[in-house]
Amino acid sequence: MKSPTVLCLDIGSGTQDVLYHIPGIEPENRPKFVLPAPARMVARRLAALTAAGSAVYLHGSNMGGGFFGAVKKHLAAGLAVCAHPEAAAAIHDNPARVQMLGVEISGSCPGGYVPVHLSDYDAAFWQAFLGMAGLEMPDTVVAAAQDHGFFPDSSNREGRFTLWRRFLREHDGDPASLIFHDVPPELTRLAVLQKAIGGGPVCDSGAAAVLGALSMPEVAQRSHRHGITVVNVGNSHVVAFLVYRERVYGVYEHHTGMLDTAALLHDLTEFRRAWLPDEQVRACGGHGCMFNTIPEEAESFRPTFVLGPRRAMLEGQGQFIAPAGDMMLAGCFGMLHGLGLS
């Protein structure tokens, strides 16, 4: 049986980073694209409709919420926003919270409203885009995105760390365990994304980033000598991992826009020492941090490897890395690595 072609998508808040994996072709020569994130495209469409004074109807499915600022501006302009129940989940999983924001919910488009489609993955778009590039639709699609999850009894920030806790405690910190064939029920966005791509594996973008770093032999080998820190400075979130022997012993997550370089460096210094309190990170607006028992032989996790489109925040504070020569595709190479396809 021939090895499958794979379309790898790492869907962020600013960009979606795309790798078309063709077996037998060097990683550097595989087709790659960095495109605007789907949420960015929705935001642009909403901004145009705000300028035109049009009421809008959001339909489609749950997706990344990077367009929410455009929704707020539309409402602030005195213009109506209505959403299908499935699309409303892209704003919040709780319909009551959506309605409190001023968004009506309806199973059909009201008269005079302009429909706006929501989706992290549109098969028709990819068929047309790949066709224009002379590429066939792949045998399978895999995708990464950040999913805060839905936790009715706690905040999404706190709930998200129950997932990291499960990862550290039940899966021995193996980042490949965060590639889901069966999506946990709390991860509503990833569940919808998996259905859209045809049932292929999905994972969290943070997991894809650390797997991307470990796909580089020199990084993986360094982690076997002593502990290392891997930091992904994304457009919306900073995620850092303490890694020893290719297993994760600590996770830190914050919002990029809430940090300057000094604050991030302070947190990372304390994080490497396993001294940073989870409550302190959350009190400052971040998601939190947590640790497994740190092996003494891991030492101080001082060697630091930095990824992400906002990595300039850590200029001179670690080694900037680029799996297969392309930093923006780190998550895609990470998914292939975690699936044993690289």
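Conventions used here
- Residues numbered from 1 in each chain as written.
- Predicted model: local features only at pLDDT ≥ 70, side-chain atom pairs only at ≥ 80, totals over all residues.
- Heavy atoms only, no water.
- Helix = DSSP H or I, 4+ residues; strand = E, 2+ residues; numbered from the N terminus.
- Rg over C-alpha atoms; globule rule 2.2 N^0.38 Å.
- Buried < 20%, exposed > 50% of the residue type's maximum accessible area, 1.4 Å probe, protein only.
- Contact = heavy atoms within 4.5 Å.
- Areas by Shrake-Rupley, 256 points an atom, 1.4 Å probe, with all protein chains shown as cover.
- Lys, Arg positive; Asp, Glu negative; His and termini not counted.
- Charge placed at Lys NZ, Arg CZ, Asp CG, Glu CD.
- Arc of directions from axis to C-beta.
- Pairing = 2+ DSSP bridges.
- Axes fitted to C-alpha atoms, helices over the stretch in contact; angles between N-to-C directions.
- Core = buried A, V, L, I, M, F, W, Y, C linked by side-chain atoms within 4.5 Å.
- Expected span 1.5 Å × (residues − 1).
- Parallel < 35°, antiparallel > 145°, perpendicular 65-115°, else oblique.
- Nonpolar A, V, L, I, M, F, W, Y, C, P; charged D, E, K, R; others polar.
- 1 Å grid on protein atoms, 1.4 Å probe; cavity = no way out; pocket = protein on both sides within 12 Å on 5 of 7 lines; lining within 4 Å.
- Points joined across faces, edges and corners; volume = space filled by probe spheres on them.

A. Molecular detail of the overall build of the chain. Broken down by element type, the chain carries twelve helices and 16 strands. The C-alpha radius of gyration computed for the chain amounts to 20 Å, which stays within 12% of the reference 20 Å derived for 342 residues, consistent with globular compactness. For the chain, the C-alpha atoms occupy an extent of roughly 65 × 50 × 35 Å along the three principal directions. The buried share of the chain, reckoned over its 342 residues, is 51%. Excluding contacts between residues fewer than 6 apart, the proportion of contacts in the chain whose partners are at least 24 apart in sequence is 63%. Total accessible area on the chain stands at roughly 14800 Å², and carbon and sulfur atoms take up 51% of it. Where the 26 positive side-chain charges of the chain centre and where its 33 negative ones centre are 4 Å apart.

B. Seen up close, helix H9 (residues 217–225). Inspection of H9 places Val219, Ala220 and Ser223 among the buried residues, and these make up the whole buried set. Taken end-on, H9 shows its buried residues confined to a sector of 100°, consistent with a single buried face. Those residues of H9 hidden inside the fold are in contact with helix H8 (205–214), strand E11 (228–233), strand E12 (237–244) and strand E15 (304–307).

C. Region of the structure containing the sheet that holds strand E14 (residues 288–291). Judged by pairing direction, the sheet is mixed, and its six strands sit side by side in the order E14-E13-E12-E11-E15-E16 without closing on themselves. Each edge of the sheet is formed by a strand with only one pairing partner; in this case those strands are E14 and strand E16 (319–320). Across six bridges, E11 lies against E12 in antiparallel orientation. Following the sheet pairing, asparagine 232 is matched in E12 by valine 239. Against the sheet, H8 touches E11, E12 and E15, its axis set at about 45° to E12.

D. Fine view of the nonpolar core. Membership of the largest hydrophobic core comes to 64 residues, with the highest contact counts inside it found for Leu9 and Leu193. The biggest single contributor to this core is H8, with seven residues. Look past the residues within four positions of leucine 9 in its chain and what remains in contact with it is Asp17, Val18, Tyr121, Trp126, Val141, Val142, Ala143, Ala144, Cys332 and Met335.

E. Representation of helix H10 (residues 261–272). With twelve residues, H10 should reach 16 Å at 1.5 Å per residue; the first-to-last C-alpha distance of 16 Å fits that figure. Of the positions making up H10, those classed as buried are Leu264, Asp267, Leu268, Glu270, Phe271 and Arg272. Where H10 is buried, its residues contact E11, E12, strand E13 (247–255), helix H11 (278–283), E14 and E15. Two residues or fewer after H10 comes alanine 274, characterised by a positive phi angle close to 60°.

F. Spotlight on the environment of asparagine 235. Tracing the sequence through the fold places asparagine 235 in the loop between E11 and E12. Remark: the alpha-carbon pair of asparagine 235 and valine 98, spanning 137 residues in sequence, is separated by 25 Å. Apart from residues lying up to four places away in sequence, asparagine 235 is in contact with Ser13, Gly14, Thr15, Thr256, Pro309 and Arg310.

G. Examining the packing of H8 against helix H12 (residues 330–338) more closely. Interaxial distance between H8 and H12 falls to 7 Å at its minimum, and their mutual angle equals 80°. The angle between H8 and H12 places the two elements in the roughly perpendicular class. In this structure, H8 uses Ala208, Ala209, Leu211, Gly212 and Leu214 to contact H12, whose residues at the interface are Ala330, Gly331, Gly334, Met335, His337 and Gly338. A per-class count over the contact of H8 with H12 returns six nonpolar, five polar and no charged.

H. Representation of the layout of surface pockets within the structure. Quantified by volume, the second largest pocket comes out at close to 240 Å³. Lining of the second largest pocket is provided by 14 residues; of these, Ser61, Asn62, Glu86, Val192 and Lys195 occupy positions nearest its centre. Taken together, the residues of the lining of the second largest pocket sort by class into seven nonpolar, four polar and three charged.

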